[in-house]
Amino acid sequence: MKVDDLLLVNTSIFEIKEPLNPYTFNYKKYLQNQQIHHQIYVKSNQILKLQQSVFSIKGIAAKFREIINKSLINYG
């Protein structure tokens, strides 16, 4: 998958759980700092990739980064 890919999935959205043990790594808080608040569980046969029609700045930057990386690999 790439940035700006549109995916269609049929699943439930789950809230990320708090850690069960006190003073352990808080994965929920870590993901909240990454602006991720929920999660889903899907199998590869439950994902349908839709045609791409919208481009974001992050998507354009990711494509540009990919082109630069390929050029660097090709030219050593």
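In case you missed it, the structure is sitting above this.
These numbers come from a predicted model, not from an experiment.

Undergrad: What's the story with the pattern of salt bridges in this structure? I'm lost.
TA: Side-chain pairing between opposite charges can occur once the charged atoms of the two side chains come close. Tallied over the full model, the rule gives 5 salt bridges. Linking Asp-5 and Lys-49 is a salt bridge whose minimum nitrogen-to-oxygen distance equals 3.6 Å. Remark: Lys-49 occurs in strand 4 (residues 47–50) and Asp-5 occurs in the segment before strand 1 (6–9); sequence separation between them is 44 residues. Here Lys-49 falls in the exposed class, since its relative accessible area comes to 55%. Of the charged contacts, one joins Lys-28 and Glu-18 as a salt bridge, the two residues approaching to 3.7 Å between their closest N and O atoms. Placement of the pair is Lys-28 in helix 1 (residues 27–33) and Glu-18 in the loop between strand 2 (14–15) and helix 1, with a sequence separation of 10 residues. Each of Lys-2, Glu-66 and Lys-70 takes part in one network of salt bridges that share partners.

Undergrad: How should the packing of aromatic side chains be read in this particular structure?
TA: Each aromatic ring pair is described using two quantities: the centre-to-centre distance and the angle formed by the ring planes. Applying the stated rule across the entire model yields 4 aromatic pairs. Ring centres 5.7 Å apart and planes at 55 degrees place the aromatic pair Phe-14 and Tyr-41 in the tilted group. Of this pair, Phe-14 sits in strand 2 while Tyr-41 sits in the loop between strand 3 (38–39) and strand 4, and the two are 27 residues apart along the sequence. Between Phe-25 and Tyr-30 the ring centres are 5.8 Å apart and the planes differ by 50 degrees, which places this aromatic pair in the tilted class. Overall, Tyr-30 belongs to the partly exposed group, its relative accessible area being 39%. Through pairs of rings, three or more aromatic residues link up here, namely Phe-25, Tyr-27 and Tyr-30.

Undergrad: What's the story with the side chain of Lys-28 in this structure? I'm lost.
TA: Under the relative-accessibility criterion, Lys-28 is labelled buried at 12%. For Lys-28, the side chain forms a polar contact with the side chain of Glu-15, separated by 3.0 Å.

About the thresholds
- Residues numbered from 1 in each chain as written.
- Predicted model: local features only at pLDDT ≥ 70, side-chain atom pairs only at ≥ 80, totals over all residues.
- Heavy atoms only, no water.
- Salt bridge = Lys/Arg side-chain N within 4 Å of Asp/Glu carboxyl O.
- Helix = DSSP H or I, 4+ residues; strand = E, 2+ residues; numbered from the N terminus.
- Buried < 20%, exposed > 50% of the residue type's maximum accessible area, 1.4 Å probe, protein only.
- Phe/Tyr/Trp six-rings, centres within 6.5 Å; stacked < 30°, edge-to-face > 60°.
- Polar contact = N/O pair within 3.5 Å; in protein donor to acceptor, adjacent residues only side chain to side chain.

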